[in-house]
Each structure stands twice: as structure tokens, then as C-alpha cells.
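Chain by chain, the residues:
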Amino acid sequence: MYISTEINSYKKFGDIHAVLTLLKEAGFTAYDFSMFGKSWMQPNEFLEAEDYIEQAKALRAFADGIGIACNQSHAPFPTLVKGNEAYNEQTFPYLVRAIEVSGILGVKVVVVHPGNDHTAEENAVFYKKLEPYARKAGVKIGLENMWNWDREKGHTRAAACSHHDDFKKHLDLLPKDVFVACLDIGHAEMFRDETNAVKMIETLGERLQAI
């Protein structure tokens, strides 16, 4: 069993090598490679580098050397914005790179958010474009349960995969051997009147492979 955490919160302690060293010394046996920059809408400098493949190989060698595994990763998000094709086209290559990097790092599941305001069918079209890259890299793509915020009413409102039935519907439209579920427990508990983490787990079953 892995004891893992995301790394984005620890950037203030140094570069990726310093962060991994600190996590290893703290008792973590794995890490989630977060691939977004100062804001979630920006890819990190790792993905923007021309030599990102070489950097990924070097990072894998370093992590293997100190004995900490990369069990999962998180691609930049939002991945899709409804009605903003320019943004979507600009972001797609970074998602491909995130999948490639994940394969090099030995990741089992790379989390790629669904479009918050897209239907299961619309998101399926998007994910199937990424499927060949995931197969080539030897990784699985994890869909995550999302949420939206109603500014006028001051509370959460539905988004892609925010309800356990919609999450299952998303997955049922995609190949089981490539697409799995990543459950954000906190997101699930934001919709207590409609769903919760327990209902999510029971509904997703074996498709749940990341948290």
C-alpha cells in the first residue's frame, strides 16, 4: 500500500527534487505529480519545456534513486471550457504531454478532469481523443467528480460526475481498460442532499482506482 500525497502544496520548500526528498524523509512512499503552475489553468514549467521528455526521465531516475514512486498524476485543468474552442485547442497538447510524462514516471492513473459543463456524451468524445495516447504511454486516465458554484445562491450546483449516477454514466461510455474513476471525497461531500462518498464508492465499484 502506498502512502501518497500531491506535491503542488509543497513547492515553497524548493524544486521537485527537494520536495520529493522531504516527502521521502517524512515517510511517504509515493507522490502524485501535479502538473499545473501558479494557477490551475496554467501547465507547470515542466510541461512547457521543450525537453520535457528528458526532464521526465531524469525525474524518474531521481525518484527511483531515493525510493519514492509516482503512483498517480494530475493533468492541468480545466481541460474543457464550454464554448471556448480556442482555449480547448490550446490546452489539448498539454494534456497529451501530461499523459506522456505520466507514462515515463511510472504512473498508474493520470487524472484528467471532465469538462464541468459538458454532458457524459460530450466528455466521451473528448476522452476518446486522448485514448490512443494513454494506451501508448501505458497509463489509465482517471475521471474526477467535479462541482460548480452558484454565485447568486451561494452554494454548489451540479457538474460532470458530481452525482454517482452521472459518474457511472460517464465511465460506461468509455473503455474499462483505459478509463477509471478518481474519487475526490471532498467534492462528493459537497452534495450531501444528492450523493456522498459512500454512494460514489458503492456505485463506481471496480472502476474506482484512484483517490
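Up top is the structure these notes are about.
Just so it is clear, the model here is predicted, and its values are computed rather than measured.

Criteria and thresholds
Residues numbered from 1 in each chain as written. Predicted model: local features only at pLDDT ≥ 70, side-chain atom pairs only at ≥ 80, totals over all residues. Heavy atoms only, no water. Helix = DSSP H or I, 4+ residues; strand = E, 2+ residues; numbered from the N terminus. Rg over C-alpha atoms; globule rule 2.2 N^0.38 Å. Buried < 20%, exposed > 50% of the residue type's maximum accessible area, 1.4 Å probe, protein only. Contact = heavy atoms within 4.5 Å. Areas by Shrake-Rupley, 256 points an atom, 1.4 Å probe, with all protein chains shown as cover. Lys, Arg positive; Asp, Glu negative; His and termini not counted. Charge placed at Lys NZ, Arg CZ, Asp CG, Glu CD. Phe/Tyr/Trp six-rings, centres within 6.5 Å; stacked < 30°, edge-to-face > 60°. Axes fitted to C-alpha atoms, helices over the stretch in contact; angles between N-to-C directions. Parallel < 35°, antiparallel > 145°, perpendicular 65-115°, else oblique. Left-handed = near helix turned anticlockwise from the far one by under 90°. Nonpolar A, V, L, I, M, F, W, Y, C, P; charged D, E, K, R; others polar. Pairing = 2+ DSSP bridges. Right-handed = clockwise from strand over helix to strand, strands pointing away.

Undergrad: Explain the overall build of the protein to me, and be specific about the residues and the numbers.
TA: Scanning the protein for helices and strands turns up 8 helices and 9 strands. Against the compact-globule benchmark of 17 Å for 211 residues, the protein has a radius of gyration of 17 Å, which places it among compact chains. Once the C-alpha set of the protein is aligned to its principal axes, its extents read approximately 45 × 35 × 35 Å. Relative to its full complement of 211 residues, the protein shows a buried share of 45%. Pairs at least 24 residues apart make up 74% of the contacts formed inside the protein by residues separated by at least 6 positions. As presented, the protein carries roughly 10,800 Å² of accessible surface, and 54% of it is formed by carbon and sulfur atoms. Across the protein, the centroid of the 23 positively charged side chains sits 3 Å from that of the 30 negatively charged ones.

Undergrad: Let's hear about the packing of aromatic side chains: which residues, and what values?
TA: Evaluation of the coordinates by the stated rule reveals 6 aromatic pairs. Each ring, one from F36 and one from F77, has its centre 5.3 Å from the other, and the planes form 75 degrees; the classification is edge-to-face. Here F36, found in the loop between β2 (30-34) and α2 (45-48), pairs with F77, found in the loop between β3 (69-74) and α4 (85-105); they are 41 residues apart in sequence, far enough to count as distant. In this pair, the class of F36 matches that of F77, namely buried. Relative to F179, the ring of Y127 lies with its centre 5.7 Å away and its plane at 70 degrees, an arrangement referred to as edge-to-face. One end of the pair, Y127, is in helix α5 (residues 120-137); the other, F179, is in strand β8 (residues 179-182), with 52 residues separating them in the sequence. Exposure class is identical for Y127 and F179. Each is buried. Site record: aromatic cluster; members linked through ring pairs are Y31, F33 and F46.

Undergrad: Describe the packing of helix α6 (residues 164-172) against helix α8 (residues 197-204), naming the residues involved and giving the relevant values.
TA: Remark: α6 packs on α8, axes separated minimally by 9 Å, with the N-to-C direction vectors making an angle of 30 degrees. When the axes of α6 and α8 are compared, the pair comes out roughly parallel. Here the hand of the crossing between α6 and α8 comes out right-handed. When α6 is examined against α8, the residues H164, F167, K168 and L171 are found in contact with a partner set consisting of K199, M200, T203 and L204. For the contact of α6 with α8, the per-class residue count stands at 4 nonpolar, 2 polar and 2 charged.

Undergrad: An account of the pairing of strand β5 (residues 140-144) is needed here, citing residue identities and associated values.
TA: Here β5 lies mainly inside the structure; 4 of its 5 residues are buried. The pairing of strand β4 (residues 109-111) with β5 spans 3 bridges and is parallel. Paired with V109 across the strands is K140, a residue of β5. A crossover connection joins β4 to the parallel β5 through α5; in handedness this β-α-β unit is right-handed. Bridge analysis of β5 against β8 gives 4 bridges, and the strand direction is parallel. Its bridge partner lying in β8, I141 is registered against F179.

Undergrad: Can you lay out the pairing of β3 for me, pointing to particular residues and giving the numbers?
TA: Counting buried positions along β3 yields 5 of 6 residues, so the element is predominantly enclosed. Where β2 and β3 come together, 5 bridges link them in parallel fashion. Paired with A30 across the two strands is A69, which belongs to β3. Looking at chain direction, β3 and β4 are connected through 3 bridges and run parallel. Opposite S73, over in β4, you have V110 as the bridge partner.

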